[in-house]
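# Results of the structural survey
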Amino acid sequence: MPEDRNANGTGRDGSTVSRRGFLAGGVGAAAAAAAFGIGLDACSGSKAATETAAPAPEIVPFYGPHQAGIATPAQLRLAFATFDVVSTDRADLETLLREWTAAANPMTRGQLVPGSSDNQNAPPADTGEALGLMPGNLTITIGYGPKLFDHFGLAAKKPRLLAALPPLPNENLDPGYTGGDIAIQACSDDPLVAFHALRDLARLGIGTVVMRWMQIGFGTTARTASPSTPRNLLGFKDGTRNIDGTDAALMDKYVWIGDESDQPWLHGGSYLVARRIRMFIENWDRDRLGDQEAVIGRNKTSGAPLTGHAEFDAPDFEAKDATGALVIPANAHIRLASHENNDGVRIRRRGYSYTDGIDPVRGTLLGGLFFIAFMQTPDQFVALQQRLGINDALREYIEHNGSGIFVCPPGLREGQDWAGQLLS
Ligand code: HEM
C-alpha cells in the first residue's frame, strides 16, 4: 500500500509535506523549520546543508474533508482516551472544543500548545515533554459517544445509529475500560508525542471533562504497506486484507458516513468502535503451530492463506484437502471475518497491541489487541462480532474486556473548530 499521507482528503495549503519538499525550502519549509527551531540554512538544499539537515518533520494535514487518523496510515504508537463531560454548562463544552482544536492543529505540526509564555507565575501552556520533537505524523481524531447527545441541547444532532453497543458474545466488559462521552485517538510514530497530545488535551479539559479510561498502544496492526505487514502479539501478520485508506471507493462504501445517515452534518465522518481485547498469551504460546495456523486460516510465517502461497493471494474458502475437509477450517478467523462470508461487510481496522504488566494472581501476561475500527454504520462491527464471538476458533484465546462506540465528525476546514461543528 503506498504511503497515503494525503488520505484525509487534502494537503495543507493544497500540498503534502515530504522530506524532499521540506528540504527544497519555500514557505512551508520555513514555517516547519521555525516550528522545530531548525535554521533555514539546514534546509536550503545545498550539498553541505543537506548533509547536516535534520530529518524532515512528518506532518499529516490536520484540515481536510475527513479527520486524519482514519484513512491515513497507522503510525507506530497510540494514546487513546475517553472522557466524560462533567460540566453541565454548554458554554464550557464550547470553550473546551474550541481550545482543543486550537491546540490539536499546532501539535500535529510539531508546535507547542498556544499560549506558552515565560510567565514565572503561571503554569506553562504546554507541558513541554514534546518540545523539539518531530510530530512523527501525529494525528488527533475526535469522536462523540451516545450519551453526550442527551445533554447540551444536542438531541437533534444525534445520529439514529449512535447507541451503546448491544451485549456481544465473548465479552466480559470492565466498566473501567468502557464507554465515554468523547474519545480522543492520538497516533504518532513517537510515543512521547502521542502521549503529550493526549495529556495536554486532558489538561485543557480540567473542570469540563474527566478522563474515564486510557490505553497506550504500540505497533500498527492495520497497515498493509511495505516493507511488510506488521504482526500482532499472536505472531501473525495483521492487516493483510484490511481496507486500504487510499481506496476512495471502498472508503466511501464502507467507512465514511454518507447519504444513508439522518445527520447531514456527519457526512464524511465515521463510526469508531474500540475494543480492548485481552489475549491469553500463555495458552496461545503452548498451542502447536498447525493449530495456530488453523485458528487464523493463514500461514504464520508468510501470512499466506492456507489455500495460497503468498500473503496477498486471495483465500479460497471452497478448497478441500484429499480427505474432503475444508483447507481453511469452518471456524478459522479469516473465514468468519471475511467479506465474502458476511454479505460483503468490511471495516477499516486500525488497532494496536498493548501490554499492561502481569496478572497479579496468576503471574500471566496482561495484554492483547486494542482493536480500533472505523465504519459507516456500527452494525458492521456488531454483525461481525456476533459471528466471531460465537464461532471463531480464536475466541478460546481472547476476551473483549473494554469497549466504546463513538461517532467521529468529518474533518474541519481551516478556520473551523470542533465547537462550531458540534454546537452550532
Ligand atoms: C485479538 C483479537 C484479534 C486478532 C488477534 C485478530 C487477528 C487477525 C488476523 C491475523 C487476521 C488475518 C490478516 C488480515 O487480513 O488482517 C485478521 C483478519 C481480520 N479480522 Fe481479526 N483479529 C482479532 C479480532 C477481530 C475482531 C474483533 C474483528 C471484528 C469484529 C476482526 C475482523 C477481522 C477482519 C474483517 C479480517 C479480514 C478477514 C479477511 O477478509 O480475510 N478481527 N484478524
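Residues numbered from 1 in each chain as written. Predicted model: local features only at pLDDT ≥ 70, side-chain atom pairs only at ≥ 80, totals over all residues. Heavy atoms only, no water.

## Re the site of the ligand
Close to the ligand lie 26 residues, the nearest being Gly239, Thr240, Arg241, His333 and Arg349. Between the ligand and Arg241 there is a distance of 2.9 Å, counted from an oxygen atom to a backbone nitrogen or oxygen. A distance of 2.9 Å separates a nitrogen atom of the ligand from a polar side-chain atom of His333. When atom positions are compared with the pocket grids, the ligand is found to occupy the largest cavity. Along the lines of polarity and charge, the residues of the shell around the ligand split into 14 nonpolar, seven polar and five charged. (Near = heavy atom within 4 Å. Polar contact = N/O pair within 3.5 Å; in protein donor to acceptor, adjacent residues only side chain to side chain. 1 Å grid on protein atoms, 1.4 Å probe; cavity = no way out; pocket = protein on both sides within 12 Å on 5 of 7 lines; lining within 4 Å. Sits in = over half its atoms within 2 Å of the grid points. Nonpolar A, V, L, I, M, F, W, Y, C, P; charged D, E, K, R; others polar.)

## Some points on the packing of aromatic side chains
The final tally for this structure, using the stated rule, is 11 aromatic pairs. Plain terms: the ring middles of Phe371 and Phe381 are 5.8 Å apart, the flat faces sit at 45 degrees to each other, and that makes the pair tilted. Here the residue Phe371 occupies a position in strand E8 (residues 365-375), and Phe381 occupies one in helix H10 (residues 379-391), the gap between them amounting to 10 residues. Accessibility expressed as a relative area gives 3% for Phe381, which makes it buried. Pairwise contacts between aromatic rings join Phe80, Tyr177, Trp213 and Phe370 into one cluster. Between the NZ or CZ atom of Lys157 and the centre of the ring of Trp265, over which it lies, the distance is 4.5 Å. It is Arg276 that lies over the ring of Tyr177; its NZ or CZ is 3.6 Å from the centre. (Phe/Tyr/Trp six-rings, centres within 6.5 Å; stacked < 30°, edge-to-face > 60°. Helix = DSSP H or I, 4+ residues; strand = E, 2+ residues; numbered from the N terminus. Buried < 20%, exposed > 50% of the residue type's maximum accessible area, 1.4 Å probe, protein only. Lys NZ or Arg CZ within 6 Å of the ring centre and 35° of its normal.)

## Remarks on a nonpolar patch on the surface
Together, Leu192, Phe195 and Ile216 line one region of the surface with nonpolar side chains, adding up to about 230 Å² of accessible area. Considering the arrangement of structural elements, one finds Ile216 in strand E4 (residues 209-220). (Patch = residues over 30% accessible without salt bridge, like charges linked within 9 Å, V, L, I, M, F, W, Y side chains within 5 Å. Areas by Shrake-Rupley, 256 points an atom, 1.4 Å probe, with all protein chains shown as cover. Salt bridge = Lys/Arg side-chain N within 4 Å of Asp/Glu carboxyl O.)

## Remarks on the side chain of Asn170
Following the sequence through the fold, Asn170 ends up in the loop between strand E2 (139-144) and strand E3 (182-188). Using a relative accessible area of 17% as the deciding quantity, one classes Asn170 as buried. Here Ile398 takes part through its backbone oxygen, which lies 3.2 Å from a polar atom of the side chain of Asn170. In contact with Asn170, not counting residues within four places along its chain, are Gln385, Gly389, Arg395, Ile398, Glu399 and His400. (Contact = heavy atoms within 4.5 Å.)

## Section: the confidence of the model for the protein chain
Atomic detail in the predicted coordinates should be set aside for any region of low pLDDT. When the pLDDT values of the protein chain are averaged, the result is 88; 84% of them are 70 or greater. Looking over the protein chain, one finds the lowest element-wise mean pLDDT in helix H1 (residues 19-23), namely 31, and the highest in E2, namely 99. Note on residues 1-51: pLDDT is under 50 here. Beyond four places in sequence and across chains, it has 98 contacts. (pLDDT = per-residue confidence, 0-100.)

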